[in-house]
Structure formats: structure tokens, C-alpha cells
Amino acid sequence: MAPSPSIRKNAPPTLLSTPPAPDTDRPSTLVDSTLVDSSTNSAHSNHSHGSLTSAPAFLTHLDNTSMESLDSDSHAPAYPSLTDKQILINQHHELMLNGPRIDLLSKLPYEIATYILHFVDMHNLTKVALVSRTWNQFARDNEIWKSIYLYQKRWKVRIPPRRSQLTLVSSDSSTTSTGSPHSSDLQNLQLAPGAQTQPLNWKMLCHDRKQLEARWSTVPPLTKIDGHMDSVYCVQFDHTKIVTGSRDHSIKFWDLHTLKCTDTLHGHSQSVLCLQFNEEIMVSGSSDNSIIVWDMGTRKPIMRLYGHAAGVLDVCFDDQYIVSCSKDTTIKVWDLKTGALLQTMIGHRGPVNAVQLHKGHIVSASGDNMVKMWNVGTGRCVRDFIGHDRGLACVQFDGETIVSGSNDKTIRIWDASTGRCRRVLNGHTSLVRTLHFENNRIVSGSYDNTVKVWDMTTGECTLNLKGHQSWVFDVQFSSSRIISTSQDKTIIVWDFAGDLDVRLFD
């Protein structure tokens with residue numbers, strides 16, 4: 001449907017500064033953009049203008065002017081002064097404000113009225129509902145609230161299946177995949193044959209999500225989880241579970257809602273320094289110089305990768321590669337399916353503490369003060385990011401933006417395509433050991449024992465969370481919670497949800 005034409009509200013009448021050429025058969029004068037016969041009497045003029053009961057002086061002057069005087073050189077025609085123009089404008093505005101009103105929206109077909117309301121934001125849509133019963137009915141339309149929810153770039157939602165799983169059909173491909181799509185995918189969402197879903201109340205989702213966002217401005221309640229026997233180095237979680245790795249050589253699984261330990265994995269002979277998982281596999285790295293690929297179904301090792309000459313400090317993977325970095329100053333690329341070593345990247349002059357992989361590019365952070373970008377296929381360094389004064393401990397890369405944390409106590413935001421530093425965040429008083437960013441929010445953890453939340457646009461620190469008694473080693477967050485781990489052997493869950501049902505948000 002074509003977009004609705006724009007409507008000008010309370011537009012003042014147009015007044016021409018010069019009169020049109022006079023009609024040779026019938027003289028006339030211009031009043032309020034309307035041709036009026038010069039012989040028209042005052043009563044007719046008043047009737048034509050409704051509430052305009054008192055005519056300005058120039059109208060009376062024109063009514064009393066004969067054709068002979070107009071033709072005479074000694075009498076110039078009188079035109080409205082600025083004061084008279086303003087009188088006319090004010091009178092018309094008064095008529096429009098206090099005159100009869102027509103509810104155009106209510107007279108439209110339901111489909112057109114609700115289509116118009118698709119262009120109203122959330123704040124004003126709640127006001128629309130208060131105008132009348134009809135407008136309230138329009139404002140409760142579920143499709144309007146769905147469009148408002150999907151318009152918010154930060155907001156994601158998982159679609160819960162009722163009987164069978166949903167199928168996500170790509171708009172440009174005949175292939176299908178199953179899973180829990182985010183809001184950017186919802187326009188292409190179709191049901192597999194026989195599938196049924198519980199209808200979503202989009203208005204309630206908007207209400208709850210707005211409340212949830214507002215809660216990120218205040219310190220949330222925290223819950224501590226104990227269970228590891230030593231420092232907890234790494235963490236990742238999804239909507240059902242938390243997975244942690246520790247200096248006690250173990251990997252533990254925790255129920256996200258009960259916070260109880262559900263499984264413990266043993267495979268590494270020294271500290272578990274890093275891990276990453278998806279629904280099918282988990283990859284972990286250790287001080288024992290090895291990498292283990294685990295089956296997430298059986299939670300048993302699938303294969304072990306050896307090649308680093310020192311501890312494996314970070315790992316990441318996609319659907320084709322596993323990338324690891326080490327204290328031995330190298331980055332290695334492995335085949336995800338076979339475990340074969342494909343590339344060894346040499347270029348850093350210190351331990352490579354963190355690594356990220358995104359669509360054929362690797363970004364690494366090292367103790368040599370450098371952030372580097374590499375091409376996965378060629379193994380070559382394509383760009384250096386120079387700016388930190390001391391060694392780096394953490395980095396994240398999403399394809400467009402790089403965020404890094406350093407022993408110089410700062411966080412830097414970089415443009416990945418140009419290498420330009422967009423912003424420097426100051427606030428931590430010691431090494432920035434870990435960070436996680438998504439959309440416009442950064443959460444960082446430091447050796448100053450704090451977790452901080454930052455606005456990426458303004459650089460402002462919006463929250464300062466204190467709960468750990470020692471260094472913070474890792475931090476991850478979702479729309480409703482932050483989870484951090486520490487040298488103090490604990491895991492802390494900072495919960496913003498409270499009484500809100502956030503199962504569809506995380």
C-alpha cells in the first residue's frame with residue numbers, strides 16, 4: 001500500500017502580495033485568496049467567512065471605491081497591511097481551533113486506520129488509546145504493536161513453538177533452517193506444515209521490554225554461585241544454561257533459572273582458560289597447551305588438538321574454522337570438521353590474550369600493546385590498530401566495530417574498516433581484563449574488582465557494579481542479566497528481570 005499523503009495542520013491562508021490581473025468584464029478584488037465581486041455587499045461577505053464578523057478597514061475602503069476612482073491616477077488601490085493580514089490569520093486559526101471538528105480516523109476503514117497508526121511511536125500510541133473508544137480499539141491492534149517492537153534495533157525475541165518447531169524460510173533461498181530467530185528474521189518467518197504457535201501479545205512484549213530497558217539504569221540484585229574449587233576463568237550462557245571453566249581443571253554446567261550445577265566435565269589436566277559453545281559442540285582451551293572439542297549432546301570429547309607450545313588463552317569458532325591463540329605468541333586456525341591445522345599466524349611480539357573470528361577475518365589482542373586484523377584464508381595481517389599504551393587483555397569484533405581492553409585501564413572503540421579509534425572509555429582503575437558488547441552497550445570487568453556498564457555512543461559509564469572480592473576474569477550479558485566470574489571462585493548473576501517474564505527476550 002502506498003504511504004499516506006502528508007497533511008498540513010492549521011495551515012494559514014495564502015495571501016498574495018500583488019493582485020491578479022483584473023477581469024475586463026467584471027472587476028474584482030482579492031480577499032483571502034478568494035475572488036470577491038467588488039459590488040458584493042458587507043452582509044454577503046460576512047456570511048461567506050462564517051465567524052469573520054468584523055471586516056478589516058481595507059475591505060470597507062474597497063467597497064466604497066468606485067470604478068472611476070480606481071481608474072484615476074490620484075487614487076491608488078488599497079491592499080491589506082501587515083496588521084490586516086495578521087487579523088485574518090488569527091481569525092482563521094480561531095475558527096479552526098474552536099469550530100466544528102471531524103474525526104477523520106474513525107471514518108476510515110479499519111485496515112487503513114490501523115495502517116496509519118503503524119507510523120506512530122510507542123509513547124504516542126498510548127495517548128491515541130485515550131482519545132475515544134474507537135481510537136482505543138485501533139490502538140490495541142496486535143499488528144501495530146508488532147511493528148513497534150520490531151522497529152527497535154536492540155530488541156530481539158524468540159518465537160516459542162507450541163507443538164512443533166518453527167521453520168525459518170529465507171526470502172532469497174529455497175533452503176530452510178530451524179531455530180529461534182531474532183526480530184530481524186521475523187519478517188521471513190513461516191510455519192512448517194502442521195506447526196502451531198502460541199499467539200504473541202506484542203503490546204505486552206513492548207511494555208515488558210521497555211520496563212526491562214529502564215531497569216538498566218539502576219543497580220540490580222545479585223546472586224552468588226559457589227561450586228568451583230579455585231578461580232573461575234571463563235563463562236558463557238544461553239537461555240537455559242551457564243557454562244564455566246576454572247583453575248580447578250573442570251568445566252561446570254549450571255541451570256540458568258535454579259542456578260544449580262547440573263554437570264561437571266573433566267578432560268583438561270590444567271586450568272580451563274577459555275571456552276565457547278553452540279547447540280552442537282563446545283571448544284575449550286587450557287594451560288595444558290591443548291584444545292578439546294566436546295559433543296554438547298553427550299558432553300564427551302570428540303577430538304583433541306595439539307600444536308601450541310604454551311597455554312591456550314582464547315578460542316573461537318564458526319561453521320568452518322576453530323581459531324586459537326596462545327602464550328606462545330601465535331594464532332592457529334584449525335578445520336572444524338577434521339581438526340587439521342590450516343594456518344599459523346606469526347606477528348605479535350607478546351602473548352596473544354584474546355582472539356575473535358567474523359566472516360573470514362580474525363582480530364587479535366596481545367601483550368605487545370597491539371590489536372591486529374588477519375585474513376583467515378591467507379594468514380596475513382591486514383591492519384594494525386595502534387593506540388593502547390600497555391598490553392591488551394581482551395577484544396571483541398562484530399565485523400564493523402572492534403572494542404578492546406588494556407592494562408592501560410582504558411577501553412577503546414575502533415572502526416574495523418579504517419583502523420580509526422572512535423572513542424576511549426576511562427573509568428577503571430586497573431587492568432581491563434574482560435568485556436562484552438552488543439548493540440550500543442558494553443559491559444567490562446577489571447582487576448579493580450568491578451563490573452561496569454557503558455553507553456557506546458556517549459562513552460558514559462551508566463552502572464558500576466561491586467560484588468566480587470577479587471579480580472574479575474570474565475563477563476557476559478544478555479537483555480536481562482549480567483554474569484561475571486572472578487578469582488574469588490564465585491560466579492555472580494546480576495538480574496535485571498525481577499518479576500518480568502523474559503524467556504522470550506534472552
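Residues numbered from 1 in each chain as written. Predicted model: local features only at pLDDT ≥ 70, side-chain atom pairs only at ≥ 80, totals over all residues. Heavy atoms only, no water.

Novice: Could you give an account of helix α9 (residues 142-151), with specific residues and numbers?
Specialist: Of all the residues in α9, the buried ones are Ile 144, Trp 145, Ile 148, Tyr 149 and Leu 150. Buried residues along α9 sit against α6 (110-117), α7 (122-128), α8 (133-139) and α10 (202-214). Where α9 begins, the capping side chain belongs to Asp 141, and its oxygen is found 3.0 Å from the backbone nitrogen of Glu 143. (Buried < 20%, exposed > 50% of the residue type's maximum accessible area, 1.4 Å probe, protein only. Helix = DSSP H or I, 4+ residues; strand = E, 2+ residues; numbered from the N terminus. Contact = heavy atoms within 4.5 Å. Polar contact = N/O pair within 3.5 Å; in protein donor to acceptor, adjacent residues only side chain to side chain.)

Novice: Just give me the short version of the sheet that holds strand β19 (residues 352-358), but keep the residues and values in it.
Specialist: Two pairing modes exist for strands in a sheet, parallel and antiparallel, and in both the strands are linked by backbone hydrogen bonds. An order of β19-β20-β21-β22 is seen for the four strands of this open sheet, with the pairing classed as antiparallel. The open sheet has two edge strands with one neighbour each: β19 and β22 (381-385). Strand-to-strand twist of the sheet, defined as the mean angle between neighbouring strand axes without regard to direction, takes the value 20°. (Pairing = 2+ DSSP bridges. Axes fitted to C-alpha atoms, helices over the stretch in contact; angles between N-to-C directions.)

Novice: Run through the packing of α9 against α10, naming residues and quoting values.
Specialist: The interhelical angle for the contact between α9 and α10, taken along N-to-C directions, is 35°, at an axis separation of 7 Å. Crossing geometry of α9 relative to α10 is assigned as left-handed. In this structure, α9 uses Asn 142, Trp 145, Lys 146, Ile 148, Tyr 149 and Leu 150 to contact α10, whose residues at the interface are Trp 202, Lys 203, Leu 205, Cys 206 and Arg 209. Tallied by class, residues from the contact of α9 with α10 come to seven nonpolar, one polar and three charged. (Left-handed = near helix turned anticlockwise from the far one by under 90°. Nonpolar A, V, L, I, M, F, W, Y, C, P; charged D, E, K, R; others polar.)

Novice: So what's going on with the sheet that holds strand β10 (residues 261-266)? Residues and values would help.
Specialist: The sheet built from four strands is open, its strands ordered β7-β8-β9-β10 with antiparallel pairing. In this open sheet, the two strands that pair with only one neighbour each are β7 (232-237) and β10. Strand after strand, the sheet turns through a mean of 20° between neighbouring axes, direction not considered. Note that strand β9 (residues 250-255) and β10 share five bridges and pair antiparallel.

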